[in-house]
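The primary structure of each chain is shown beneath.
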Amino acid sequence: MSEPAFVLSDEFFMREAISLARAAECLGEVPVGAVVVLNGAIIGRGFNSPIGESDPTAHAEIAALRDAARTLGNYRLPGCELFVTLEPCAMCAGAIMHARISRVIYGARDPKTGVHGSVVDLFGVERLNHHAEVLGGVLAEECSSVLSQFFASRRKKTP
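Each residue is numbered by its place in its chain's sequence as written, counting from 1. Per-residue local features of the predicted model are confined to residues with pLDDT of at least 70, and side-chain atom pairs are confined, for both listing and counting, to 80 or more; whole-chain, interface and lining totals are unaffected and use all residues. Side-chain metrics in this entry use all non-hydrogen atoms of the structure; hydrogen atoms and water are not considered.

**Student:** I'm lost on the packing of helix H1 (residues 10-26) against helix H5 (residues 140-157) in this one. Help?
**Tutor:** Packed helix pairs are specified by the crossing angle of their axes together with the interaxial distance, meaning the distance between the axes. The axes are straight lines fitted to the C-alpha atoms, using for helices just the contacting stretch, and the angles between their N-to-C directions are given from 0 to 180°. Helix and strand labels come from DSSP, where a helix needs a run of H or I of at least four residues and a strand needs a run of E of at least two; each type is numbered from the N terminus. The geometry of H1 relative to H5 is characterised by a closest axis approach of 10 Å and an angle of 5° between their N-to-C directions. Classified by the angle their axes make, H1 and H5 are roughly parallel. Here Met14, Arg15, Ile18, Arg22 and Glu25 of H1 lie close against H5, whose contacting residues are Glu142, Cys143, Val146 and Phe150. In terms of residue class, the contact of H1 with H5 is built from five nonpolar, no polar and four charged. Roughly parallel means an angle under 35 degrees; roughly antiparallel, over 145; roughly perpendicular, 65 to 115; everything else is oblique. Note on contacts: a residue pair is in contact if any heavy atoms of the two residues lie within 4.5 Å. Polar here means any residue outside two lists: the nonpolar Ala, Val, Leu, Ile, Met, Phe, Trp, Tyr, Cys and Pro, and the charged Asp, Glu, Lys and Arg; Gly therefore counts as polar.

Next up, the structure:
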């Protein structure tokens, strides 16, 4: 793929991930979205769908990585960036490392399962053979708000 004529910002790609999170929400899934970017172009998209797919691995990051791998015809995604609305969990961090993602950008921290320092820091384990650059907090308030509103709405519906 060639370089784009102009450079899009991290916020632009995070807004795309937020849009996918809202799609998950419309399906009754926890609203998390992700996109994989290579040379300024989105090559993979995904959102949470473990309920609808009856699949505990159907997280947004996994779906986006699978989509990108199909696009490139390779399970390795060197030079790619992953934008996700929520700090990755251990499963997703493992997939990110195996895919050789170069940079991970996430929005909201996850104090219950996040592995970029919220619970543990898997991305910082030096003994692992691949390390991605990780940046958290991009549009954090907006990403967090989508999740908070979703769970508040669910609590209101539960008798």
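Back to the write-up after that little detour.
**Student:** Explanation requested: the packing of helix H3 (residues 60-72) against helix H4 (residues 90-99) in the structure shown.
**Tutor:** Remark: H3 packs on H4, axes separated minimally by 9 Å, with the N-to-C direction vectors making an angle of 20°. Relative to H4, H3 is oriented roughly parallel. Once H3 is placed against H4, the crossing between them reads as left-handed. Note on element contacts: H4 touches H3 through Met91, Cys92, Ala95, Ile96 and Ala99, opposite Glu61, Ile62 and Leu65. Tallied by class, residues from the contact of H3 with H4 come to seven nonpolar, no polar and one charged. The hand of a helix crossing depends on one turn: near helix anticlockwise from the far one by less than a right angle means left-handed, and clockwise means right-handed.

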